[in-house]
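A closer look at the structure
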Amino acid sequence: MFRLTVIAAASICFLSLAVFLGVRNAENSLAEALLPVVPAAIEHSNQVPILMFHKVNPDPRVGGLGLRVPPDKFDREMAYLHQNGFHTVSLTDVVEHYRTGKPLPARPVVITFDDGYRDNFTYAFPILKKYHFTATIFVVADTVGGINSFDVRAHLQPVNRMASWAELGQMAAAGITIGSHTLDHPHLAQIPPAEAWRQIRQSRMVLEKHLGRPVRVFSYPYGSFNSRVAQMVRDSGYLAAVTTVQGIAGPGSDPWLLKRVRIMGSYDLDKFAGELLRYYRVVHSPAHPAGGRAA
Ligand SMILES: [Zn+2]
């Protein structure tokens, strides 16, 4: 009788565990099923989303979730890209592809960080390495190793530490692209042309001198640009530049006015995926014209 009771109790435990695990699994697949499915058509769209990040940091004291993505969230977003077959590429790969037809891997995506915060090194870099991802960091040259004085002065953000030359050098050596975000983060469209020219040109020289490698990509601070400023960037030897205009890169994109997709720390994974996929346009191949019908 005792043996039977033990067997019955064990069976009940086992059944409960099986039911519990079954429910857990169902919940997980439900959560996955609710995420936007990446449409197969993007494979042939020849478009590249350029994601825009700033800080990756768990500490709310360094700023709100507009510019700050907590590291656990950033990790889940990178995992989503990885699981869905996205491959990270550099901006120069993208413009080269549109200029010469040089092939890109399947589902290309560019990951960018503006300003050059130290947390890019502390938190984002190890996560990028985990997925064998590359990225581009646009550095404010005169703030390297210091603080975000440009935002602190204007009372826009609390104090944040910026990456040091050694940290930038370590990331560059590991395949991260370092780009320029000017000397001290001015509104380029609002300052005298001679000063804009100095900010664009000298920042590149400072970065190249300290990093010992060419700097060929640029990001407009505050997204402030006009046609004159874009021409200066082009004339200063940069091969590509990114704005804060929302959109996706495609065959017709101006390499010095590339659009990006803003990723905020407040986004859940569903919203992240939605933003990632939001700007792809359906491209119909000539073999199957839109609305084409046999005559
Ligand atoms: Zn910036």
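Note: the structure precedes this text.
Presented here is an overview of the structure given in this document. (Residues numbered from 1 in each chain as written. Predicted model: local features only at pLDDT ≥ 70, side-chain atom pairs only at ≥ 80, totals over all residues.)

Structural notes on helix α7 (residues 193-211)
Convention followed: Counting from the N terminus, the helices are DSSP H or I runs at least four residues long and the strands are E runs at least two residues long. To estimate the expected span of a helix, subtract one from its residue number and multiply by 1.5 Å. Whether a residue is buried, exposed or partly exposed follows from its count of other C-beta atoms within 10 Å of its own C-beta, namely 20 or more, 12 or fewer, or something in between, respectively; the C-beta atoms are built from the backbone. Think of it this way: build a C-beta for each residue from its backbone, and any pair within 7 Å is a contact.
Along its 19 residues, α7 runs 27 Å from first to last C-alpha, staying within 8% of the 27 Å computed at 1.5 Å per residue. Taken as a whole, α7 has its buried residues at Ala 196, Gln 199, Ile 200, Ser 203, Arg 204 and Leu 207. Looking at the packing, one finds that the buried side of α7 touches β6 (136-139), β7 (177-180) and α8 (227-235). Gly 212 lies just past α7 and shows a positive phi near 65°.

Focus on the pairing of strand β10 (residues 258-262)
Let me state the cut-off plainly: Here, a strand pair is defined by DSSP locating no fewer than two bridges between the strands.
In terms of strand pairing, strand β1 (residues 50-53) meets β10 through 2 bridges, oriented parallel. Within β10, the position partnered with Leu 51 by the bridge is Val 261. For strand β9 (residues 240-246) and β10, the ladder comprises 2 bridges, and the chain directions are parallel. Of the residues in β10, the one forming a bridge with Val 242 is Leu 258.

Description of the pairing of β1
Remember that side chains alternate between the two faces of the sheet whenever the strand is regular. Neither face of β1 is exposed, since Ile 50 and Met 52 on one face and Leu 51 and Phe 53 on the opposite face are all buried. Bridge count between β1 and strand β5 (residues 108-115): 4 bridges; the pairing is parallel. Residue pairing for β5: Leu 51 is matched across the bridge by Ile 111.

Here's the deal with the packing of helix α2 (residues 71-83) against helix α4 (residues 118-130)
Note the following rule: Geometry is summarised by axes, namely lines fitted to C-alpha atoms with helices restricted to the contacting stretch, and by angles between N-to-C directions that run from 0 to 180 degrees. Should an angle fall under 35 degrees it is taken as roughly parallel, and over 145 as roughly antiparallel, whereas 65 to 115 is taken as roughly perpendicular and any remaining angle as oblique. Should the near helix be turned counterclockwise from the far one by less than a right angle, the crossing is left-handed, whereas a clockwise turn marks it as right-handed.
Relative to each other, α2 and α4 sit at 25°, their axes nearing to 10 Å. As summarised for this structure, α2 and α4 are arranged roughly parallel, according to the angle between their axes. Remark: the crossing between α2 and α4 carries right-handed chirality. Contacts from Pro 71, Phe 74, Asp 75 and Met 78 in α2 reach Tyr 123, Ala 124, Ile 127 and Leu 128 in α4.

Examining the environment of Asp 142
Within the element layout of this structure, Asp 142 appears in the loop between β6 and α5 (149-153). Among the residues examined, Asp 142 registers 17 C-beta atoms within 10 Å and is labelled partly exposed. A sequence separation of 61 residues divides Asp 142 from Ser 203, and the C-alpha atoms of the two residues are 7.9 Å apart. When neighbours within four sequence positions are excluded, Asp 142 is seen to be in contact with Leu 183 and Asp 184.

What about unusual backbone geometry?
Phi at Thr 182 takes a positive value of approximately 75°, unusual for a residue other than glycine. Mapping Thr 182 onto the fold places it in the loop between β7 and α7. Positive phi outside glycine occurs at Tyr 222, with the angle close to 55°. Take Tyr 222: it is sitting in the loop between β8 (217-219) and α8.

Considering the nonpolar core
Keep this limit in mind: What we call a nonpolar core is a set of buried Ala, Val, Leu, Ile, Met, Phe, Trp, Tyr and Cys residues whose membership is set by joining through C-beta atoms within 7 Å.
Counting residues in hydrophobic clusters, the biggest one holds 64 residues, and the most contacted among them are Val 139, Val 233 and Ala 241. Broken down by element, the residue count for this core peaks at 5 residues, all from α4. Those residues in contact with Ala 241, other than ones at most four positions away along the chain, are Val 217, Phe 218, Ser 219, Tyr 220, Ala 230, Val 233, Trp 256, Leu 257 and Leu 258.

Digging into the packing of α7 against α8
Test applied: Gly is put with the polar residues, along with every residue not named as nonpolar or charged; the nonpolar set is Ala, Val, Leu, Ile, Met, Phe, Trp, Tyr, Cys and Pro, and the charged set is Asp, Glu, Lys and Arg.
Interhelical geometry of α7 versus α8 gives an angle of 35° and a closest axis separation of 10 Å. Where α7 crosses over α8, the two elements pack in a sense that is right-handed. For the pair α7 and α8, contact is made by Pro 193, Ala 196, Trp 197 and Ile 200 and by Arg 228, Val 229, Met 232 and Val 233, respectively. Its residues placed into classes, the contact of α7 with α8 shows 7 nonpolar, no polar and 1 charged.

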